[in-house]
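Reading the structure
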Amino acid sequence: MATTNSALSNWVAEVERLTQPERIRWCDGSEQEYQELIEEMLADGTLLKLNQTTYPGCYLHRSDPSDVARVEHLTFICSREREDVGPNNHWMNPVAAHAKLDALFKGAMRGRTLYVLPYCMGPIDSPHARLGVEITDSAYVAANMKIMTRMGTAALKRIEAGEPFVRGLHSTGDLSPDRRFIMHFPEERMIKSIGSGYGGNALLGKKCHALRIASWQARDEGWLAEHMLIVGIQNPQGETHYVAAAFPSACGKTNLAMLIPPQSMKGWKTWTVGDDIAWLHVGEDGRLWAINPEAGYFGVMPGTNEKTNKNAYDTIHSNTIFTNVAVTADNEPWWEGKDDKTPVTDWQGRPYDPANGPAAHPNSRFTVSAKQNPSYSDKAEDPQGVPISAILFGGRRAHLAPLVYEATSWDHGVLIGAGMASETTAAAAGQVGTVRRDPMAMKPFCGYNFADYWNYWMTVGDRADKAPHIFHVNWFRKGADGKFLWPGFGENLRVIKWILDRCEGRGEALETPIGFIPKAEELHGQDIGLSADTLSELLRIDHEAWREEYAAIAEYFKQYGERLPPRLQAEHQRIATALKR
Ligand code: OXD
Ligand code: MN
């Protein structure tokens, strides 16, 4: 027995009886163990060695071609009451769900190794961190969990000291999409996932635990689990303010979290605390404090280069697992947007032929320790986290949404988050580029009824008397010629500067029916060659189009029926009326 915790050893024994593995390996999270896992995967072809001179410690994994993204249609929340998960989730009765999955898990690990991965989400000595144990039959998952979480002995010690833990059972099964399910049992703090090896479906600490189960647990315990990056912005005076931003998957969270200030903004610096998930708590001082529950990045590869994200580019040159990228003649990883060399082998291992589509999969990924990031914040390990000055909501919208606008109150901010919409991306299976509602960027991740979630958000604001200001940003607005109006990337710091000025009671703004927008001169567009016309187009509020948007939001809210918080409805009414004037 590898643990003194009888609840854990009993569960492992029960899973062993059900899944019938060849052997069991309790993972301690050591470097040596990681190397052994890598060696095993090199031996059986799960990993391929990349060029060890230019990319030391880097490996390539090619997934099954049908298993390359999250599968929202196969993801379920299994609570006792159907209404508790809302129209925003797929629901299954928990008894039926256990029976269905246990039948699939029966004998699923025959001939395989069962890995037991105790992990901690959050700094190992943080009172805000939470524990979990994933059981998996995938060495790829074990190695990725070592990078993405604090996995191993220290986490097990907290569990053995009596702290509760989330149970996650995972098997790649036969990888058939017909037998693929990602099931969550929030009342039991349990996850069962079968049939996929893809990050968001299989690294159970990430989306399944740190968002779906944690959002439910957070409501029970008084905090928030959000799909947000956390970044520290240091001004030329040396003061650092922290911003949390919720953007949907593959909409630039990693880029903003690692932003490099432009040449024209001397003396500014940024510090990455997290790039995907934030756990937020109301502090005794009335501010909102954030920790990043993760220890690594599982980032989108295409588009990453020295100009778009030099920090990420430098981070992934060693000790990185690449998934579904292409390879060059000298065995380096390659992806669309990498501005040197050319691919010879595509992500499926075929000789590269543009007729087959992109060389790297559009959702190809890197997994790497956050500590390799040149802009890694020393506050990322702070048990209390960092105080948040501003919350940003944002999406990918070619039209309508201005570059930035500010909520006039917390409740208004909650409405802005609740009404958010964005174009879909390759991070989830399904059509790419269609606009859908993605409230707080949590559509795929909120483990309970959105109506209850928005209500809960409002009560968090009531408890935080120094709550952050809330903003909406859109880096993706296009002009009549179909081209992006805003340069994005490092230049986004201009927008953040105005945002932080507003939080400090400075920063000139104009009031519009949908909120405050910056006076155009606040963005100093001339420094980057933006004409006055382009700036005014970026900030333009088309009242007629916004009236339609508010009508569409009202229509969207209707499905939440009686549970929709009256305060949210009142905010909606207030703005819809202002737009009519
Ligand atoms: C992710 C996602 O992988 O949001 O972070 O899909
Ligand atoms: Mn994400």
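Residues numbered from 1 in each chain as written. Chains lettered and ligands numbered in written order. Predicted model: local features only at pLDDT ≥ 70, side-chain atom pairs only at ≥ 80, totals over all residues. Heavy atoms only, no water.

1. Some thoughts on the overall build of the chain
For clarity, the threshold we go by: Think of it this way: any DSSP run of H or I at least four residues long counts as a helix, any run of E at least two long counts as a strand, and we number them from the N terminus. The reference for a compact globule is 2.2 Å times residues^0.38; the radius of gyration itself is calculated from the C-alpha atoms. Classification of residues uses two cut-offs on accessible area relative to the type maximum, computed with a 1.4 Å probe and protein chains only: under 20% is buried, over 50% is exposed, and between them is partly exposed. Should any heavy atoms of two residues lie within 4.5 Å, those residues are considered in contact. The protein chains shown are the only cover counted for residues, whose accessible areas, like all others here, come from Shrake-Rupley with a 1.4 Å probe. The sign given to each residue is positive for Lys and Arg and negative for Asp and Glu; His and the chain ends receive no count. Lysine's charge is taken at NZ, arginine's at CZ, aspartate's at CG and glutamate's at CD.
Helix and strand counts for the chain stand at 15 helices and 30 strands. Scaling as 2.2 N^0.38, a compact globule of 581 residues should have a C-alpha radius of gyration of about 25 Å, and the chain matches this with 23 Å. Evaluated residue by residue, the chain yields a buried proportion of 61% over its 581 residues. Counted over contacts in the chain with a minimum sequence separation of 6, partners at least 24 positions apart contribute 72%. Summing over all exposed atoms, the chain offers an accessible surface of approximately 21700 Å²; the carbon and sulfur share of this is 50%. Between the mean site of the 61 positive side-chain charges and the mean site of the 72 negative ones, the chain shows a separation of 2 Å.

2. Thoughts on the sheet that holds strand 22 (residues 343-345)
So the rule is basically this: Only strands that DSSP links by at least two bridges are regarded as paired with each other.
Strands sit in the order 21-20-22 across an open sheet of three strands; the sheet is antiparallel. The open sheet has two edge strands with one neighbour each: strand 21 (333-334) and strand 22.

3. Regarding the nonpolar core
The condition that has to hold: Definition of nonpolar core: a set of buried residues of the types Ala, Val, Leu, Ile, Met, Phe, Trp, Tyr and Cys, connected through side-chain atoms within 4.5 Å.
One finds Phe322, Leu392, Trp454 and Trp457 to be the most contacted residues of the largest nonpolar core, which totals 141 residues. Each residue touching Leu392, except ones within four places of it in the same chain, is listed here: Val243, Ala244, Ala245, Ala246, Phe247, Leu256, Phe471, Val473, Ile496 and Ile499. Membership of the second largest hydrophobic core comes to 28 residues, among which are Leu8, Ala97, Cys120 and Leu156.

4. Some thoughts on the coordination of the manganese ion (ligand 2)
In an ideal octahedron of six donors the angles at the metal are 90 or 180 degrees, and in an ideal tetrahedron of four donors they are 109.5 degrees. For the record, the criterion: Counted as donors are N, O and S atoms no farther than 2.8 Å from the metal, or 3.2 Å for Na, K and Ca; water is not among the atoms, and sites may therefore look incomplete.
Every protein donor of the manganese ion (ligand 2) is listed here as Lys207 (NZ), His227 (NE2) and Asp276 (OD), and their distances to the metal cover 2.2 Å. In primary-sequence terms, the residues that donate to the manganese ion (ligand 2) follow K-x19-H-x48-D. Placement of Lys207 in helix 7 (residues 205-221) and of Asp276 in the loop between strand 15 (269-274) and strand 16 (278-282) is noted, with a sequence separation of 69 residues between them. Each member of the pair, Lys207 as well as Asp276, is classed as buried.

5. Here's the deal with the sheet that holds strand 19 (residues 321-323)
Strand order in the open sheet formed by five strands is 2-3-19-23-18, and the pairing between neighbours is mixed. Bordering the open sheet on either side are strand 2 (48-49) and strand 18 (296-300), each of which pairs with just one other strand. Judged from the five bridges that link them, strand 18 and strand 23 (residues 365-369) form a sheet pairing that is antiparallel. Bridged to Tyr297 within strand 23 is Val368.

6. Section: the site of ligand 1
The following threshold applies: When we say a residue is near a molecule or strand, we mean one of its heavy atoms is within 4 Å of it. Each polar contact in these results corresponds to two N or O atoms within 3.5 Å; when the atoms are within protein, one needs to be able to donate a hydrogen and the other to accept it, and residues that are neighboring in sequence are counted only if both atoms are side-chain atoms. The nonpolar class holds Ala, Val, Leu, Ile, Met, Phe, Trp, Tyr, Cys and Pro. Asp, Glu, Lys and Arg form the charged class, and all remaining residues, Gly among them, are polar.
If you check the shell around ligand 1, you find Arg70, Lys206, Lys207, His227, Ser249, Asp276, Phe298, Arg365, Ala427 and Phe445 and nothing else. With respect to ligand 1, the side chain of His227 contributes an N or O atom lying 3.3 Å from an oxygen atom. Here an oxygen atom of ligand 1 sits 3.1 Å away from a polar atom, N or O, in the side chain of Asp276. In isolation ligand 1 has 210 Å² of accessible area, and contact with the protein removes 95% of it. For the shell around ligand 1, the residue count by class is three nonpolar, two polar and five charged.

7. Section: the packing of helix 10 (residues 410-418) against helix 15 (residues 566-580)
Selection criterion: Helix axes are fitted to C-alpha atoms over the stretch in contact, other axes to C-alpha atoms as well, and angles between N-to-C directions run from 0 to 180 degrees. Relative orientations are named as follows: roughly parallel for angles under 35 degrees, roughly antiparallel for angles over 145 degrees, roughly perpendicular for angles from 65 to 115 degrees, and oblique for any other angle.
Helix 15 packs onto helix 10 with a crossing angle of 85° between their chain directions and a minimal axis gap of 9 Å. Between helix 10 and helix 15, the angle falls in the class roughly perpendicular. In this structure, helix 10 uses Asp411, His412, Val414, Leu415 and Ala418 to contact helix 15, whose residues at the interface are Arg567, Leu568, Glu571, His572, Arg574 and Ile575. Split into classes, the residues belonging to the contact of helix 10 with helix 15 amount to five nonpolar, two polar and four charged.

8. Let's talk about the pattern of salt bridges
In plain terms, the rule: Any Lys or Arg side-chain nitrogen found within 4 Å of a carboxyl oxygen on Asp or Glu counts as a salt bridge.
Per the stated rule, a full pass over the model turns up 44 salt bridges. Between Lys206 and Glu294 there is a salt bridge, with its nearest N and O atoms 3.0 Å apart. Of this pair, Lys206 sits in helix 7 while Glu294 is found in the loop between strand 17 (288-291) and strand 18, placing the two residues 88 residues apart along the sequence. Per residue, the accessibility class of Lys206 equals that of Glu294, and both read buried. Two residues, Glu491 and Arg494, come together in a salt bridge whose shortest N-O distance is 2.8 Å.

9. Describing empty space enclosed by the protein
As a reminder, the rule being used: Only protein atoms enter the calculation, which uses a 1 Å grid: trapped sets of points that fit a 1.4 Å probe without letting it out are cavities, open sets showing protein on both sides within 12 Å along at least five of seven lines are pockets, and any residue with an atom within 4 Å of a point is a lining residue. Grid points are joined across faces, edges and corners, and a volume is the space filled by probe spheres set on the points.
All chains considered together, the criterion is met by one cavity of 30 Å³ or more. The space that makes up the largest cavity amounts to roughly 110 Å³. Of all the secondary-structure elements, those providing two or more residues to the lining of the largest cavity are helix 10 and helix 14 (543-558). Looking at which element gives the most residues to the lining of the largest cavity, the answer is helix 14, with four residues. Class assignment for the residues of the lining of the largest cavity results in nine nonpolar, two polar and two charged.

10. Focus on the layout of surface pockets
Computed from the structure, the largest pocket encloses a volume of approximately 980 Å³. Lining the largest pocket are 49 residues, and of these Ala250, Cys251, Gly252, Asn255 and Arg396 lie nearest its centre. The set of elements that each furnish at least two residues to the lining of the largest pocket consists of helix 6 (199-202), helix 7, helix 8 (253-257), strand 18, helix 9 (310-315) and strand 23. Among the elements that make up the lining of the largest pocket, the one with the highest residue count is helix 8 (four residues). Of the residues assigned to the lining of the largest pocket, the class counts are 21 nonpolar, 17 polar and 11 charged.

11. Digging into the environment of Gly238
One can find Gly238 in the loop between strand 13 (229-234) and strand 14 (240-246). Judged by relative accessible area, Gly238 falls into the partly exposed class, the value being 44%. In this structure, the C-alpha to C-alpha distance between Gly238 and Trp335, residues 97 residues apart in sequence, is 37 Å.

12. So, helix 2 (residues 31-44)
In plain terms, the rule: For a helix, the expected span equals 1.5 Å multiplied by the residue count minus one. Each direction from the helix axis to a C-beta atom contributes to the arc, which is the arc of those directions.
Here helix 2 contains 14 residues, and its C-alpha end-to-end distance of 20 Å stays within 8% of the 20 Å for a straight helix at 1.5 Å per residue. Residues of helix 2 that are buried: Glu33, Tyr34, Leu37, Ile38 and Met41. For helix 2, the arc enclosing every buried residue in end-on projection is 140°, short of the 170-degree limit, so these residues lie on one face. Helix 2 presents Gln32 and Ala43 as exposed residues on the side facing more than 90 degrees away from its buried surface. Considering only its buried residues, helix 2 is in contact with strand 1 (23-26), strand 3 (59-61), strand 6 (113-121), helix 4 (139-148), strand 8 (150-151) and strand 19. Just downstream of helix 2 lies Gly45, where phi reads positive at about 85°.

13. Considerations on the packing of helix 14 against helix 15
Angle between the axes and distance between the axes are the two parameters that describe a pair of packed helices. Heads up, the condition is: Note on convention: the crossing is left-handed when the near helix lies turned anticlockwise from the far helix by less than a right angle, right-handed when the turn is clockwise.
It is the contact of helix 14 with helix 15, at a shortest axis distance of 9 Å, that shows an interaxial angle of 155°. In terms of their interaxial angle, helix 14 and helix 15 are classed as roughly antiparallel. Seen along the crossing, helix 14 lies across helix 15 with a hand that is left-handed. Note on element contacts: helix 15 touches helix 14 through Leu568, His572, Ile575, Ala576, Leu579 and Lys580, opposite His543, Trp546, Arg547, Tyr550, Ile553, Ala554 and Phe557. Its residues assigned to classes, the contact of helix 14 with helix 15 comprises nine nonpolar, two polar and two charged.

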